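# Working through the structure, step by step
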Amino acid sequence: MASGNGYSGKILKVDLTTGKFETILTEKYKSWGGGHGIGSALFFDLCEDKTIKGTDPGNVVTIMASPLSGTLAPSVAGRCEVQGIGIQAYPIGWFTRSNFGGRFSTQLKFAGWDGIVLMGKSPKQVWLNIINGEVKLQDATDLWGLNTRETQEEIWASVEPSKKDNDWTNLGQSRDSGRTTQRPAVLTTGPNAERFGPMAALIHDAGNGAGQGGFGGVFASKNLKAVSVLGTGGVAIADPKALMAARLWSNSYSFAGHHDDPAEYVGLTSFGSTPGKPLAPMQDTPEGVKSRPQGCVGCIRSCRGRTDTGQGNESQCVDFFWYDAHDVKAHGKITDAAPRATDAIQLSGVNAFAVEAATLWLEQLYNKGILGKGKAIDSNLPFDKFGSGEWAEAFINCIITQTDIGKELCKGVAQAALAWGRLEIDTTSGILPLQEWGLPQHYDARTEVEWGYGSLMGERDINEHDFNWHVYWTPTIAGLFGVEPAVSAQRLAEIFAKKMIPYNDPMAINYSDEGIYSESMAKTVAWHRHYTRFYKQAMGFCDWGWADFVNPYGPEHEGMTSVGENKFINAVIGGNMTFAEGMEVGRRIWNLDRAIWILQGRHRDIEKFTEYNYTTGAQPGMTTYEAPYTMPVFENNEWSYKSVAGRILDRQKSEDWKTLFFKVEGWDVKSGWPTRETLEKLDLANVADALEKAGKLGASA
Amino acid sequence: MVDKNINPTEEAASADQKGTLSRRQFLTGFGLLGGGLALGGLVGGAFLLPDQVVAIQASDGYLLVDTKKCAGCTSCMMACSLTHHGETNMSLSRIQITQDPFGKFPDDISIAQCRQCPYPSCVEACPTGAMHVDKATGVRTVDADKCVGCERCVNACPFTPSRTLWNFEEKHSQKCDLCKDTPFWDEDGGPDGKRACEEVCSMGAIKFTKELPVQSEDGYEADLRTGTVWDTLGFDGAPKSGGHLG
Ligand code: SF4
Ligand code: SF4
Ligand code: SF4
């Protein structure tokens with residue numbers, strides 16, 4: 001029988017330098033929940049010098065599952081968290097995180113591990129092979145130049161040499177050493193990823209990627225090509241009956257329980273979404289291509305697809321978006337250029353967001369005559385065929401082979417702009433929308449401030465859609481269709497206020513010109529940081545299923561959030577954790593992360609958006625999402641939905657907002673550094689000591 | 001309890017060499033004579049007709065699966081092991097989903113569920129009557145206490161992967177019992193109750209039926225899509241696409 005409740009009980013520590021393995025007992029870190037919480041705590045304890053670069057052998061990388069991985073918690077079980085010092089952000093590669101789905105975290109749990117810690121640097125190219133409790137570092141010389149699919153197929157064949165079709169494979173010598181019909185779950189880098197590190201993602205199966213941070217490059221810098229894991233054990237559940245009951249209860253909030261009466265809902269939601277719809281366009285494939293919905297382990301949402309051409313398998317959203325609009329512009333419809341472009345990044349292990357921003361920018365430079373054959377930025381890429389599959393493949397190829405403009409782009413988008421002398425000019429005009437920390441704008445900081453502020457106070461594009469579906473997409477889409485959103489702005493504010501424990505602020509989602517600088521918005525951003533740190537990144541609740549604020553099937557459109565999450569956590573782990581208690585663990589994790597950034601050099605003085613955010617409104621074609629940006633506002637004592645597109649941020653008001661935010665967090669308003677009092681309340685006295693020693697402890701008010 | 005750490009078939013072979021035979025080995029060896037010699041009472045659920053033909057009671061129900069609807073989430077596998085064993089463990093699931101992430105729809109996914117065969121080779125192969133037909137429901141299932149661990153049922157199932165599986169944690173064979181015996185679930189299972197895999201499948205890719213389904217080489221012929229909400233989802237047909245919003 002599996003032991004423990006939710007936890008496998010051990011974490012695998014791999015010293016790549018010496019080739020030695022150690023076991024860390026999870027028990028010591030359980031107060032951090034799992035995933036990101038344990039990852040941050042391990043990093044804090046094990047990374048001796050946190051000011052090093054991400055490619056330094058001293059960098060510590062954690063790959064963490066959650067206690068809910070490999071369980072029936074819906075749209076939770078398949079997520080996996082990767083952390084360490086990143087190499088993508090500019091000018092500092094912050095301690096950062098990325099996250100991917102699929103089956104890796106599940107197999108890790110079934111193999112008996114809650115996570116993996118990678119330390120040091122291997123003297124030769126290796127891959128890590130985990131089969132239940134048996135762990136080996138194997139030679140990767142022959143895998144090093146292979147793409148992500150080739151690598152995985154080679155590893156599958158090597159781990160299960162006797163596997164026939166879908167048959168059972170016995171792992172090990174004894175008949176009781178475990179059997180499985182499943183393939184090993186492999187997390188891999190693209191070919192020679194150390195050469196395009198800041199652009200390099202980690203890829204698992206066909207379409208799961210940990211894209212942000214450049215962790216593909218960090219792996220490669222450690223001479224590590226891939227990690228493979230296969231397990232035949234199980235995850236013990238504290239209260240199996242409660243878990244089954246909770247799962248079936250959640251069906252009533254999802255398409256799963258409504259095949260006979262699917263919701264008619266204009267807009268985007270999370271848990272209540274129909275598989276593939278209304279996000280079907282995100283599986284951009286040419287007309288006539290057939291597909292199935294496809295989901296990570298345990299998902300009720302199944303947001304991706306697999307096609308009858310095999311193109312675009314398991315990809316969605318920005319995996320397609322980086323090129324689909326260019327395909328449509330060139331051909332009037334989706335052709336196979338979009339899925340070819342998608343497969344190009346998945347097979348090469350290149351970060352989709354980075355190439356999306358780069359492509360929009362390069363097109364501008366080409367149109368302005370700055371880039372092209374014999375131009376200031378010389379390039380032989382076939383720009384006359386921009387929008388074709390050929391261009392997309394040539395572009396990705398130039399990055400991974402460091403040829404043509406790939407010679408600079410392989411170092412990152414901001415770094416290439418710097419090398420070409422365009423960083424300042426193009427991030428001032430906004431044609432290169434690197435919103436904060438040299439990272440591509442995703443949602444607009446000027447309009448949807450919780451996204452922008454969250455990214456700025458943190459270290460990366462947050463990529464958390466908790467608010468986004470409801471405060472931006474739904475009213476915007478409803479507006480485009482000329483219908484009233486199903487939920488009024490006032491009701492929306494009520495739902496958010498009710499669920500945003502402990503603040504419960506009725507003005508939480510006021511995106512008016514005043515609201516975005518208010519104390520309410522400071523609490524909203526703090527709530528979001530704490531919620532996602534614990535529930536999403538530590539426990540694994542998927543960004544596309546959770547938070548469940550507005551749900552087309554819920555009573556008066558109210559989703560499961562603040563009730564649902566802990567039903568699953570408590571059924572799996574046991575105990576009776578309240579939603580508020582989970583939020584406190586999130587606050588604790590967030591403070592630890594903040595402390596690590598401070599040790600790396602963070603100060604409020606450098607927490608500023610790129611120039612264009614203070615000087616220009618969103619320009620159509622320059623950013624990813626330039627729809628009307630209709631949002632809930634409270635003006636003249638009334639809630640309404642209103643387009644706030646074109647807004648620019650006021651420099652001083654943004655600074656004043658930061659002060660409000662630091663007050664809400666209990667941090668020194670002058671520096672943005674946590675105080676001893678705040679840290680000790682979170683049982684982080686050792687972190688306060690470390691900050692004090694570095695001369696970076698916030699002064700108490 | 002017998003020692004199930006060792007496969008008795010292998011042990012029987014070595015015992016033969018030594019010229020000794022235990023009761024368990026006798027039973028094991030008896031099974032080797034083949035299914036034609038089935039005895040009432042030894043093979044549960046089978047009964048002897050006057051003309052010596054063995055007739056086996058049909059199952060009261062069957063699991064239909066439509067692999068084209070399946071999203072590969074493996075929730076059914078986790079629900080199966082959770083309700084039967086109190087843990088989520090794919091290796092103990094009586095329904096197996098296998099897939100190739102790089103494969104082409106619809107051949108990228110297979111669902112292997114027990115067919116509750118009219119003439120179940122697994123039941124026939126069992127030397128002790130552990131694998132039997134449940135009298136009340138017709139379900140082909142294992143009495144774990146009687147299982148000696150010879151794995152003949154596992155090897156006898158004509159399908160790949162075998163629908164009978166070796167529970168290497170508890171050391172007995174097991175197979176789909178249509179959730180008749182689910183100690184870790186509040187619901188009643190079995191043909192007249194609910195099935196865990198069917199209940200959790202968010203795609204509706206698994207459906208219970210009381211009618212004996214039409215079979216082909218590949219499995220039951222099941223289309224659980226046509227005439228359902230699936231028709232409007234855009235799957236199994238191109239999703240309408242034309243770039244993203246905005
Ligand atoms: S639960 Fe349904 S969709 Fe998921 S793997 Fe099983 S049959 Fe397929
Ligand atoms: S285990 Fe195999 S032989 Fe036995 S009833 Fe099921 S499908 Fe038929
Ligand atoms: S019906 Fe029950 S026993 Fe059979 S595969 Fe489904 S969950 Fe398992």
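Conventions adopted
Within each chain, residues carry numbers counting from 1 in the order of the written sequence. Lettering for chains starts from A, numbering for ligands starts from 1, and both go in the order in which the items are written. Per-residue local features are limited, in this predicted model, to residues with pLDDT of at least 70; the limit for side-chain atom pairs, both in listing and counting, is 80 or more; totals at the level of whole chains, interfaces and linings are taken over all residues. Based on all heavy atoms of the structure, the side-chain values leave hydrogens and waters out of the count. Aromatic rings from Phe, Tyr and Trp, with only the six-membered ring used for Trp, were paired whenever their centres fell within 6.5 Å, and each pair was classed as stacked if the ring planes differed by under 30 degrees, edge-to-face if by over 60, and tilted otherwise. Remark: exposure states derive from per-residue accessible area (1.4 Å probe, protein chains only) relative to the maximum for the residue type, with buried under 20%, exposed over 50%, and partly exposed in between. We call a charge positioned above a ring when the Lys NZ or Arg CZ atom is no farther than 6 Å from the ring centre and deviates by at most 35 degrees from the ring normal. Buriedness of a pocket was judged along seven lines, with at least five required to meet protein on both sides within 12 Å; pockets are open sets of points on a 1 Å grid over the protein atoms alone, cavities are sets where a 1.4 Å probe fits but cannot get out, and lining residues have an atom within 4 Å of a point. Grid points are joined across faces, edges and corners, and a volume is the space filled by probe spheres set on the points. Where helices and strands are cited, they refer to DSSP runs of H or I of at least four residues and of E of at least two residues respectively, numbered from the N terminus. Gly falls in the polar group here, along with every residue not listed as nonpolar (Ala, Val, Leu, Ile, Met, Phe, Trp, Tyr, Cys, Pro) or charged (Asp, Glu, Lys, Arg). Proximity is defined per residue: if any heavy atom of the residue lies within 4 Å of a molecule or strand, that residue is considered near it. Any two strands with at least two DSSP-identified bridges between them are counted as paired. Two residues form a contact once any of their heavy atoms are found within 4.5 Å. Interaxial angle, 0 to 180 degrees, is taken between N-to-C directions of lines fitted to C-alpha atoms, where a helix line uses only the stretch in contact.

### Describing the packing of aromatic side chains
Residue and element names in this part refer to chain A. Considering all chains together, one arrives at 45 aromatic pairs over all chains under this definition. Ring plane angle 55° and centroid distance 5.3 Å describe the contact between phenylalanine 634 and tryptophan 639, whose orientation is recorded as tilted. Phenylalanine 634 gets classed as partly exposed once you look at its relative accessible area, which sits at 25%. By relative accessible area, which is 14% here, tryptophan 639 ends up buried. Site record: aromatic cluster; members linked through ring pairs are Phe271, Phe467, Phe496, Trp527, Tyr531, Phe534, Tyr535, Phe541, Trp546, Phe549, Phe568 and Phe579. Here lysine 10 stacks its cationic end above the ring of tryptophan 113, 4.1 Å away from the centre of that ring. Lying over the aromatic face of tryptophan 156, arginine 183 brings its terminal NZ or CZ to 4.7 Å of the ring centre.

### Here we look at empty space enclosed by the protein
The final tally for this structure, using the stated rule, is 17 cavities of 30 Å³ or more. Roughly 190 Å³ of volume is contained in the second largest cavity. Taken together, 24 residues form the lining of the second largest cavity, with A:Arg103, A:Gln182, A:Asp205, A:Arg306 and B:Gln99 sitting closest to its centre. Looking at the lining of the second largest cavity, the elements with two or more residues in it are strand S17 (304-307) of chain A together with strand S5 (96-99) of chain B. For the lining of the second largest cavity, the residue count by class is four nonpolar, twelve polar and eight charged.

### Quick notes on the site of ligand 3
Residue and element names in this part refer to chain B. All residues in the neighbourhood of ligand 3 are listed as Leu63, Cys80, His84, Arg94, Ile95, Cys176, Asp177, Leu178, Cys179, Arg195, Ala196 and Cys197. Elements represented by at least two residues in the shell around ligand 3 include exactly helix H3 (75-85) and helix H6 (196-200). Across the shell around ligand 3, the residue classes break down as eight nonpolar, one polar and three charged.

### Focus on the pairing of strand S5 (residues 95-100) of chain A
Buried residues dominate S5(A), accounting for six of its six residues. Residue alternation in S5(A) divides its side chains into two sets, A:Phe95, A:Arg97 and A:Asn99 and A:Thr96, A:Ser98 and A:Phe100, and both sets are buried.

### Side note on the pairing of strand S8 (residues 134-139) of chain A
Inspection of the sheet shows strand S7 (residues 126-131) of chain A paired to S8(A) by six bridges, in the antiparallel sense. Counted as the bridge partner of A:Val126 is A:Asp139 from S8(A).

### A look at helix H17 (residues 564-573) of chain A
All names here are of chain A. Here H17 lies mainly inside the structure; eight of its ten residues are buried. In this structure, the buried side of H17 is in contact with strand S15 (235-236), helix H5 (240-251), helix H16 (519-536) and helix H18 (579-600). Trailing H17 by a residue or two, glycine 574 shows a phi angle of about 90°, which is positive.

### Some details on the sheet that holds strand S11 (residues 185-188) of chain A
Residue and element names in this part refer to chain A. Pairing is mixed in the open sheet, where six strands are placed in the order S8-S7-S14-S11-S12-S13. The sheet is open, and its two edges are formed by S8 and strand S13 (208-210), each paired on a single side. Strand after strand, the sheet turns through a mean of 20° between neighbouring axes, direction not considered. Where S11 lies against strand S12 (residues 202-204), two bridges are found, and the strand directions are antiparallel. Paired with leucine 187 across the bridge in S12 is histidine 204.

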